[in-house]
Amino acid sequence: MRSAKSGAIFLAVALALVLIAIPACKKKVEPTKPDIAGMQRGAEDPKMKELLVDPFPGMNGTPAGALSADEIRGRVVWNLWTGDSYLMWDYLARHGFGTSDLLKVIDSRNRANRFKQFGTINQPGFMTAIKPDEFGLFLDVPRPGDPEGDIDTRLPIDEYTYGRSSGVMGLRVYKNPAFDAKAAAEWKKHIGPDGINHDFY
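Just so you know, the residues in each chain are numbered from 1, in the order the chain's sequence is written. Side-chain atom pairs in this predicted model are given and counted only at pLDDT of 80 or more, local residue features only at pLDDT of at least 70, and totals for whole chains, interfaces and linings cover all residues. Each side-chain value is derived from all of the structure's non-hydrogen atoms; neither hydrogens nor water enter the calculation.

**What about the nonpolar core?**
Note on soluble globular proteins: their nonpolar side chains tend to be buried together.
Here comes step 1: Formed by Leu 51, Phe 56, Leu 67, Ile 72, Val 76, Leu 80, Phe 126, Ile 151, Leu 155, Ile 157, Tyr 162 and Met 169, the largest nonpolar core amounts to 12 residues.
Here comes step 2: Listed in part, the eight residues of the second largest apolar core include Trp 89, Leu 102, Val 105 and Val 168. Buried Ala, Val, Leu, Ile, Met, Phe, Trp, Tyr and Cys residues that are joined via side-chain atoms within 4.5 Å together make up what is termed a nonpolar core. Burial classes: relative accessible area under 20% of the type maximum marks a residue as buried, over 50% as exposed, and values in between as partly exposed (1.4 Å probe, protein chains only).

**Some details on the side chain of Ser 166**
Here comes step 1: The topology assignment puts Ser 166 in strand S3 (residues 164-168).
Here comes step 2: By relative accessible area, Ser 166 is classed as buried at 1%.
Here comes step 3: A polar side-chain atom of Ser 166 sits 3.1 Å from the main-chain amide nitrogen of Val 168.
Here comes step 4: Any two residues having at least one pair of non-hydrogen atoms within 4.5 Å are treated as being in contact. Not counting chain neighbours up to four residues away, the residues in contact with Ser 166 comprise Ile 106, Asp 140, Leu 171 and Val 173. We count a stretch as a helix when DSSP gives it H or I for four or more residues in a row; a strand needs E for two or more, and each element gets its number in order from the N terminus. Here a polar contact is taken to be a pair of N or O atoms separated by no more than 3.5 Å, where protein atoms must pair a possible hydrogen donor with a possible acceptor and residues adjacent in sequence count only if both atoms sit in side chains.

**Side note on the environment of Asp 180**
Here comes step 1: Relative to the helices and strands, Asp 180 resides in the loop between strand S4 (171-173) and helix H8 (181-188).
Here comes step 2: Accessibility expressed as a relative area gives 43% for Asp 180, which makes it partly exposed.
Here comes step 3: Engagement of the side chain of Asp 180 in a polar contact is seen with the backbone nitrogen of Ala 183, the distance being 2.9 Å.

**Quick look at unusual backbone geometry**
Here comes step 1: Here Asn 60, not a glycine, exhibits a phi torsion of approximately 60°, which is positive.
Here comes step 2: In this fold, Asn 60 is placed in the loop between helix H1 (2-26) and helix H2 (69-79).
Here comes step 3: With a relative accessible area of 73%, Asn 60 lands in the exposed category.

**Details of the environment of Tyr 160**
Here comes step 1: As for its placement among the helices and strands, Tyr 160 is situated in helix H7 (residues 159-162).
Here comes step 2: Once the C-alpha coordinates of Tyr 160 and Lys 49 are considered, the two residues, 111 residues apart in sequence, prove to be 8.2 Å apart.

**Here's the deal with the packing of aromatic side chains**
Here comes step 1: Side-chain rings of Phe, Tyr and Trp (the six-membered ring for Trp) are treated as a pair once their centres are within 6.5 Å; stacked means planes under 30 degrees apart, edge-to-face means over 60, and tilted covers the remaining angles. Under the definition given, this model contains six aromatic pairs.
Here comes step 2: Ring geometry for Phe 138 and Tyr 201: centres 6.5 Å apart, planes at 50°, overall tilted. Of this pair, Phe 138 sits in the loop between strand S1 (126-127) and strand S2 (141-142) while Tyr 201 sits in the segment after H8; the two residues are 63 residues apart in sequence, bridging distant segments of the chain.
Here comes step 3: On the basis of relative accessible area, Tyr 201 is assigned to the partly exposed category, the value being 29%.
Here comes step 4: Plain terms: the ring middles of Phe 179 and Trp 187 are 6.4 Å apart, the flat faces sit at 80° to each other, and that makes the pair edge-to-face.
Here comes step 5: The exposure class of Trp 187 is partly exposed, given its relative accessible area of 22%.
Here comes step 6: Taken together, the ring pairs connect Phe 135, Phe 138, Phe 179, Trp 187, Phe 200 and Tyr 201 into an aromatic cluster.
Here comes step 7: In our convention, an over-ring charge means Lys NZ or Arg CZ found within 6 Å of a ring centre and within 35 degrees of that ring's normal. Between the NZ or CZ atom of Lys 104 and the centre of the ring of Phe 200, over which it lies, the distance is 4.9 Å.
Here comes step 8: Between Arg 109 and the ring centre of Tyr 201, over which it is positioned, the NZ or CZ distance is 4.6 Å.

**Quick look at the pattern of salt bridges**
Here comes step 1: We count a salt bridge whenever a side-chain nitrogen from Lys or Arg sits within 4 Å of a carboxyl oxygen from Asp or Glu. Taken as a whole and judged by the stated rule, the model has 10 salt bridges.
Here comes step 2: For the salt bridge of Arg 172 with Asp 152, the shortest nitrogen-to-oxygen distance reads 2.9 Å. Of this pair, Arg 172 sits in strand S4 while Asp 152 is found in helix H6 (residues 151-154), placing the two residues 20 residues apart along the sequence.
Here comes step 3: Residue Arg 172 is classed as buried on the basis of its relative accessible area, which comes to 5%.
Here comes step 4: One salt bridge connects Glu 186 with Lys 189, and the closest N-O pair in it is separated by 3.1 Å.
Here comes step 5: According to the relative accessible area criterion, Lys 189 is exposed, its value standing at 65%.
Here comes step 6: In this structure, a network of salt bridges that share partners links the residues Glu 50, Asp 70 and Arg 73.

**Considering the pairing of S3**
Here comes step 1: By the criterion of burial, S3 is predominantly enclosed, with four of the five residues buried.
Here comes step 2: A pair of strands counts as paired when DSSP detects no fewer than two bridges linking them. Bridge analysis of S3 against S4 gives three bridges, and the strand direction is antiparallel. Bridge pairing in S4 links Val 168 to Leu 171.
Here comes step 3: Taking the residues between adjacent antiparallel strands as the criterion, S3 and S4 are bridged by two residues, where Gly 170 takes a positive phi near 85°.

By themselves these figures say nothing about function.
Structure below.
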């Protein structure tokens, strides 16, 4: 008898909790929008310059010069044009509570394990950096004497439009307009005697 009463009380409490929770679930929550005003760019931006030559001749066994203008645009979209996704990475870095950081994802010291860890593909013609850059970071560098590593200088790839190679296919590095001389000086305070920004890593 006592167990039946206990069961009835438990059911009543559980039902009350469900009835309280249902209206709470219906409450509409507006998603927060990243504050990227002034950073978005469109096709009408006069500074943007479209690449009209095949950036990766021979890819997929296609002979050089065999692609039409639209096929070249398709190859550029898949391999160079990031669709301004750097805005997403910037937002994640500022609001992601440490869940993701593009500069750590593309850390050159992880080049050999990138595909296994992140599913990213190394860009041909690049290699692991043997030392940090001027900001104490490790980004892939062009392999000396490899023409595929000279892609950003060999072709008329506009850095404002497409950024520069990170060493990872589809991930390009853009200049941060907010990273002015003052910000750079503050950043460089964290670079250690060995040239590495240990505070960042």
